[in-house]
Amino acid sequence: MTLQTSSEIVKKAPTQIPLWRQLQSTANVLQAVRSGESGTSALKQVEASLRPGVQALSFHVWRWLGTAEIIKSYLVKRVPPAQADALLCVALAILCGESAGLRYEAFTLVDQAVEAAKRHPNTNASSSFINACLRRFLREKDAITQKALTHPVGQWNHPQWWIKRLKIDHPNAWQQILESNNTHAPLSLRVNVKKSSVASYLSSVNAIDGVAVNEIKQVGKCGVSFSKAIPVHEILGFADGTVSVQDAAAQLAAPLLLDGMNLNAQSRILDACAAPGGKTAHLLEMVDCEVVALDIDAARCDLIHQNLSRIGLHAKVIVADAAKPITWFDDQKDAHFDAVLLDAPCTASGIVRRHPDIRWLRRETDIAQLAEIQRHLLDTLWKLVKPGGRLLYCTCSVFKAEGQDQAALFTSNNKNAKLLNSPGHLTPKNSAKNGVVTHNQQGNELTNHDGFFYALFEKQSI
Ligand SMILES: C[S@@+](CC[C@H](N)C(=O)[O-])C[C@H]1O[C@@H](n2cnc3c(N)ncnc32)[C@H](O)[C@@H]1O
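Colleague: Would you explain helix α4 (residues 51–75) in this entry?
Modeller: Note on helix geometry: an α-helix contains 3.6 residues per turn, so any two residues three or four positions apart are oriented the same way. Helix length check: α4 (25 residues) gives 30 Å between terminal C-alpha atoms against 36 Å at 1.5 Å per residue, more than 12% under. The largest bend in α4 amounts to roughly 60° and is located at Trp 64. Within α4, 19 of the 25 residues are buried, which leaves it mostly tucked inside the rest of the structure.

Colleague: Sorry, what's going on with empty space enclosed by the protein here?
Modeller: If you roll a probe as big as a water molecule over the atoms, it shows you where there is empty space left. Applying the stated rule across the entire model yields two cavities of 30 Å³ or more. Within this model, the second largest cavity holds a volume of roughly 50 Å³. Among the elements that take part in the lining of the second largest cavity, helix α2 (residues 19–34) stands out by supplying three residues, more than any other. Split by residue class, the lining of the second largest cavity holds four nonpolar, four polar and no charged.

Colleague: Sorry if this is basic, but what is going on with the nonpolar core here?
Modeller: In globular proteins that are soluble, nonpolar side chains generally tend to be buried together. Leu 23, Leu 134 and Phe 137 are the most contacted members of the largest nonpolar core, which has 54 residues in total. When residues of this core are traced back to their parent elements, those giving at least two are α2, α3 (39–44), α4, α5 (82–96), α6 (106–118), α7 (127–139), α8 (141–148) and α16 (358–361). No other element matches α5, which puts 12 residues into this core. Counting 53 residues, the second-largest nonpolar core is a separate cluster that includes Leu 256, Leu 257, Leu 284 and Tyr 454.

Colleague: Which parts of the structure should I look at to understand the domain arrangement of the protein?
Modeller: One frequent convention defines the size of an interface as the accessible area lost when the parts assemble. Its domain assignment divides the protein into domain 1 (2–156), domain 2 (187–245) and domain 3 (250–459). For domain 2 and domain 3, the distance between their C-alpha centres works out to 24 Å. The junction of domain 2 with domain 3 conceals about 1500 Å² of combined surface from both sides, 42% of it contributed by carbon and sulfur atoms. With a shortest N-O distance of 3.3 Å, Lys 221 and Asp 259 are connected by a salt bridge.

Colleague: What exactly am I supposed to notice about the site of the ligand here?
Modeller: Taken together, 17 residues sit near the ligand, with Asp 295, Arg 300, Asp 321, Ala 322 and Asp 343 positioned nearest. Between the ligand and the protein, one listed contact pairs an oxygen atom with a side-chain N or O atom of Lys 279 at 2.9 Å. Within the backbone of Ala 322, one N or O atom sits 2.9 Å away from a nitrogen atom of the ligand. Protein chains shield 84% of the accessible area of the ligand, which is 610 Å² for the free molecule. For the shell around the ligand, a count of residues per class yields nine nonpolar, two polar and six charged.

Colleague: Please explain the environment of Gln 246 as it appears in this structure.
Modeller: Looking at the element boundaries, Gln 246 is found in the loop between β4 (243–245) and α13 (253–258). On the basis of relative accessibility, which here comes to 5%, the residue Gln 246 falls in the buried class. For Gln 246 and Leu 189, which are 57 residues apart along the polypeptide, the C-alpha to C-alpha distance reads 5.3 Å.

Colleague: How should unusual backbone geometry be read in this particular structure?
Modeller: Excluding glycine, most residues fall at negative phi; most peptide bonds, likewise, are trans. Pro 276 follows Ala 275 through a cis peptide bond whose omega is 5°. By the secondary structure assignment, Pro 276 is in the loop between β5 (268–271) and α14 (278–286). Its identity as a non-glycine residue notwithstanding, Asn 157 has a phi of 55°, on the positive side. Relative to the helices and strands, Asn 157 is located in the loop between α9 (152–156) and α10 (160–169). With a relative accessible area of 4%, Asn 157 lands in the buried category.

Colleague: Is there a simple way to explain the packing of α6 against α7 in this structure?
Modeller: For any two helices packed against each other, one specifies the inter-axial angle together with the distance between the axes. Their axes nearest at 9 Å, the elements α6 and α7 cross at an angle of 165°. Considering their axes alone, α6 and α7 lie roughly antiparallel with respect to each other. Judged by the twist between their axes, the crossing of α6 over α7 is right-handed. Between α6 and α7, the residues in contact are Ala 106, Phe 107, Val 110, Asp 111, Ala 113, Val 114, Ala 117 and Lys 118 and Ser 127, Ile 130, Asn 131, Leu 134, Arg 135 and Leu 138, respectively.

Colleague: What is the right way to look at the pairing of strand β6 (residues 290–295) in this model?
Modeller: In summary, the side chains of a regular strand alternate between the two faces of the sheet. The buried fraction of β6 amounts to five of the six residues, a majority that puts the element mostly inside the structure. The pairing of β5 with β6 spans four bridges and is parallel. The residue of β6 that forms the bridge with Asp 271 is Ala 293. Considered for its hand, the β-α-β crossover made up of β5, α14 and β6 is right-handed.

Colleague: Just to check I follow, could you spell out α8 for this structure?
Modeller: If you check which residues of α8 are buried, you get Lys 141, Ile 144, Thr 145 and Ala 148. Take α8 and look down its axis: the buried residues cluster within an arc of 95°, on one side only. Across from the buried face of α8, at angles greater than 90 degrees, the exposed residues are Asp 142, Ala 143 and Gln 146. Those residues of α8 that are buried lie in contact with α4, α5, α7 and α9.

Colleague: What should I look at first to understand the sheet that holds strand β2 (residues 216–219) in this one?
Modeller: Backbone-to-backbone hydrogen bonds join strands into a sheet, with any given pair of strands oriented parallel or antiparallel. Reading across from one edge, β2-β3-β1-β4 is the order of the four strands in this open sheet, with antiparallel pairing throughout. The sheet is open, and its two edges are formed by β2 and β4, each paired on a single side. Taking each pair of neighbouring strands and ignoring which way they run, the sheet shows an average axis angle of 30°. Sheet topology places strand β1 (residues 187–191) next to β4; three bridges connect them, and they run antiparallel. Bridging across to β4, Arg 190 finds its partner in Ser 244. In this fold helix α12 (residues 198–206) packs onto β1, β2, β3 (223–226) and β4, with an angle of close to 30° to the strand it touches most, β3. Contacts from α14 reach β1 and β4 within the one sheet, and its direction differs from that of β1 by about 30°.

Procedures and definitions
- Residues numbered from 1 in each chain as written.
- Predicted model: local features only at pLDDT ≥ 70, side-chain atom pairs only at ≥ 80, totals over all residues.
- Heavy atoms only, no water.
- Helix = DSSP H or I, 4+ residues; strand = E, 2+ residues; numbered from the N terminus.
- Expected span 1.5 Å × (residues − 1).
- Bend = angle between axes of the 7 residues up to and from the residue.
- Buried < 20%, exposed > 50% of the residue type's maximum accessible area, 1.4 Å probe, protein only.
- 1 Å grid on protein atoms, 1.4 Å probe; cavity = no way out; pocket = protein on both sides within 12 Å on 5 of 7 lines; lining within 4 Å.
- Points joined across faces, edges and corners; volume = space filled by probe spheres on them.
- Nonpolar A, V, L, I, M, F, W, Y, C, P; charged D, E, K, R; others polar.
- Core = buried A, V, L, I, M, F, W, Y, C linked by side-chain atoms within 4.5 Å.
- Domains from an automatic or database assignment.
- Buried area = accessible area lost by both parts, 1.4 Å probe.
- Salt bridge = Lys/Arg side-chain N within 4 Å of Asp/Glu carboxyl O.
- Near = heavy atom within 4 Å.
- Polar contact = N/O pair within 3.5 Å; in protein donor to acceptor, adjacent residues only side chain to side chain.
- Areas by Shrake-Rupley, 256 points an atom, 1.4 Å probe, with all protein chains shown as cover.
- Axes fitted to C-alpha atoms, helices over the stretch in contact; angles between N-to-C directions.
- Parallel < 35°, antiparallel > 145°, perpendicular 65-115°, else oblique.
- Left-handed = near helix turned anticlockwise from the far one by under 90°.
- Contact = heavy atoms within 4.5 Å.
- Pairing = 2+ DSSP bridges.
- Right-handed = clockwise from strand over helix to strand, strands pointing away.
- Arc of directions from axis to C-beta.

In structure tokens, the structure reads:
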């Protein structure tokens, strides 16, 4: 998340790299996403010298792919082979979204897209076809674009099933969610209260020359947001752990779970799906007790270690399946926790602003599959909560099957679970509207954040 946010500011690749090479590589990334690979992973495989430019182009293409695909459907009778189709869609997405910041002269772009096609054996045979489509689009651009914008996929740049689902789940907010998903997220930082305070951090940042171009403000209780992204290595206080990159909605997790609890040095907290450790670190910044950070993915557990070591914090990190506790505690006493955070694997439909590929990567069937995993994790981990203890369930999803419905099923199946005051669904940017301002007194409203779901349960003795 951090790297993508910061490098989105790279709008153009070094001039010595020809545009056709970047277009070719962007088309490969699009093809990888279409065949189920995440954008982050596909971009990692791009040659280092091309990567900044290809990343900027790819982010733009994902935000305009719906419009491009509808336009393509008007231009072609038969869909071309996959690689040529990806190249055509990349060129159309750049041409139709040119007002959004990537400015290439239209005829140069067409020439370079055709050059990209000619230079690869898999697309060479389609180069005349691509040329004809793109030139026709330029001739009839206004009419074709207007028509494409009357189609929901062309208008909202999300798959049809996603739009339908949002209409059902959020009848009053679906348009605002889709609009937010197509915007750029701010850079949000969490200030480590063990090392500094928001006021002190803001005054240090404001004392630096040149930051005036960036609008900086407090978000939530201990967060700061910058209107423009900054490379991570340039963020004041990042290297020494004074601040960490974390969305404002994600910053609610640790205080929601811990505020009002009477924890002491003997207390134990489980962060059950912890990698890369953003919320683990926040918990450790707020308490002085044992935190067990568990994740099934060993490589991602390395990221927990890296994050905590940057900040100077320590957790017991375990690579294990949270759904099989018997495999990861040595002693029965290790199986009881005062507080459990379950930041469950989910569709990530709430963080589309930062990961615009997600909408094209997901399939509708993923929702039910992930909801089943979440249900199982919730039931399993609830057994590890001490009487009087708490479990915070959260997902970075806006789909109700992964949030509200999951919480309702859980409370109806577990009579000893009391739902405490919780935000529920936070749709991108709207928390000030839906009354979730408990952490935002002193005028520090959360008005610009990712989509999230939070439900906080307390274990009753019955
Ligand atoms: C939403 S991410 C967690 C983000 C993290 N809490 C943070 O704030 O940095 C979900 C994590 O769940 C992990 N995961 C998925 N299934 C799991 C399981 N059965 N047991 C433990 N971890 C799991 C994934 O590897 C992934 O790192």
